[in-house]
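Descriptive structure summary
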Amino acid sequence: KAVYVCDHCGSAWDDVARQRALKDGEWMATAPFTGTAGFHLSGLYSPWTSLGQAVAEFLEAKKLPETLRVFVNTYLGEVWEDDGEQIDDTFVSDRREDWGDNLPEHVVLLTAGVDVNDGFLTCEVVGWGRDEESWSVEYQTLYGDPSAPQIWNDLDDLLKTTYLHPSGIDLPIRCACIDSGGHYTQAVYNFVRSREGRRVFAIKGMGGEGRALMGRPSKNNIGRIRLFPIGVDTAKELVYSRLKIVDAGPGYMHFPMERDDEYFRQLTAEKIITKYSQGRAKRAWIKTRTRNEALDVRVYALGAFALLNTNVNRLANKLENTRPVPVEPKEQFQRRPPRRSQSGGFVNAWRS
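Residues numbered from 1 in each chain as written. Predicted model: local features only at pLDDT ≥ 70, side-chain atom pairs only at ≥ 80, totals over all residues. Heavy atoms only, no water.

Bringing the side chain of D156 into the picture now. Here D156 lies in helix α5 (residues 149–159). By relative accessible area, D156 is classed as buried at 8%. For D156, the side chain forms a polar contact with the side chain of R198, separated by 2.9 Å. If we ignore the near neighbours within four places in the chain, the residues touching D156 are F191, R195 and R198. (Helix = DSSP H or I, 4+ residues; strand = E, 2+ residues; numbered from the N terminus. Buried < 20%, exposed > 50% of the residue type's maximum accessible area, 1.4 Å probe, protein only. Polar contact = N/O pair within 3.5 Å; in protein donor to acceptor, adjacent residues only side chain to side chain. Contact = heavy atoms within 4.5 Å.)

What follows covers the confidence of the model for the protein. Per-residue confidence for the protein gives a mean pLDDT of 86, with 88% of residues at or over 70. When the criterion is pLDDT under 50, residues 329–352 qualifies, and its contacts beyond four places in sequence or with other chains add up to 56 contacts. (pLDDT = per-residue confidence, 0-100.)

With that out of the way, let us pick up the nonpolar core. Of all hydrophobic cores here, the largest spans 38 residues; its most connected members are V239, L243 and F255. If you list the elements that add at least two residues to this core, you get β5 (120–128), β9 (173–179), β10 (200–206), β11 (227–231), α7 (232–243), α8 (261–267), α9 (293–308) and α10 (312–320). It is α9 that contributes the most residues to this core, nine residues altogether. In this view, L243 contacts I87, F91, V92, R95, M253, F255, L267 and T268; residues no more than four positions away in its chain are not counted. I151, Y163, Y184 and I225 belong to the second-largest nonpolar core, a separate cluster that totals 32 residues. (Core = buried A, V, L, I, M, F, W, Y, C linked by side-chain atoms within 4.5 Å.)

Bringing the layout of surface pockets into the picture now. Volume-wise, the largest pocket comes out at about 1,100 Å³. As for the largest pocket, its lining consists of 30 residues, and the residues nearest its centre are E26, W27, H40, L41 and Y45. If you tally residues by element for the lining of the largest pocket, the top one is helix α1 (residues 15–23), at three residues. (1 Å grid on protein atoms, 1.4 Å probe; cavity = no way out; pocket = protein on both sides within 12 Å on 5 of 7 lines; lining within 4 Å. Points joined across faces, edges and corners; volume = space filled by probe spheres on them.)

Below, the structure is given as structure tokens:
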């Protein structure tokens, strides 16, 4: 009873109608001829295999992903895409914790990642501790026109913020990475040019497997600034592998109680799939929802941490030997009411 349904007219062909249509078929090139001709044909065109046999093979093959992949590759002659690896945002949001208004005591180093979009900048400040355990210390969206100076002044104020550690030491943001791959490349270049001494760098995402997390910088750009390539696929794999860690300790990612659900939906807004073409597997990241700024800025903050190349365990040992200084929470951080910037948006700022 198996039939083939035509994509164009919707009519159902049995084997007799299919064989009749095949007699009128002709080869058509879909790519320019370069001296070598390649031919691609699905098993559905085969005059030696009935539709019933094809369906029987499919029903048997679909029982396991690996056999279904072989059927799609060999019989249908199509590229295989698996369902992909994805993390449930509720799995991550359920780990929110209340560490109070103070900087968590195990944080010894701060980095930041900045994503540039039409109409706003997104910035996350990440605290790092022993064995690269991390804390999302701050997450802000600065609204305004990235082609105008005001929003960059607001970002500069944010990146200059220091955070009081329970030991009594003010921790600055040691390194920040800003994405330059969007519509405002020149604005990013202009911003970082005079701030490279503060380790505020422009980065450019480079896709593909096997790339280094952070590559060597190049000045071969219109801004003549140090532009660092970041292996975004490598970084995302690292972030996702750490999101799967369920016990606090090495590599674990902490999130504060005030992070809303949208943050976690953005953090888990991509999945990695494996495509098979001509028998070769290739992994690729695809979006499952439109907005993914939270994932991007975490990737950039991770890149900033890698650029520092700091022995974070040694810093932790040093800070542990510092005598704690009791500080009232209200003296550490006091959030100012939102103020309207000249660029037309609202900015939330910390006062230390």
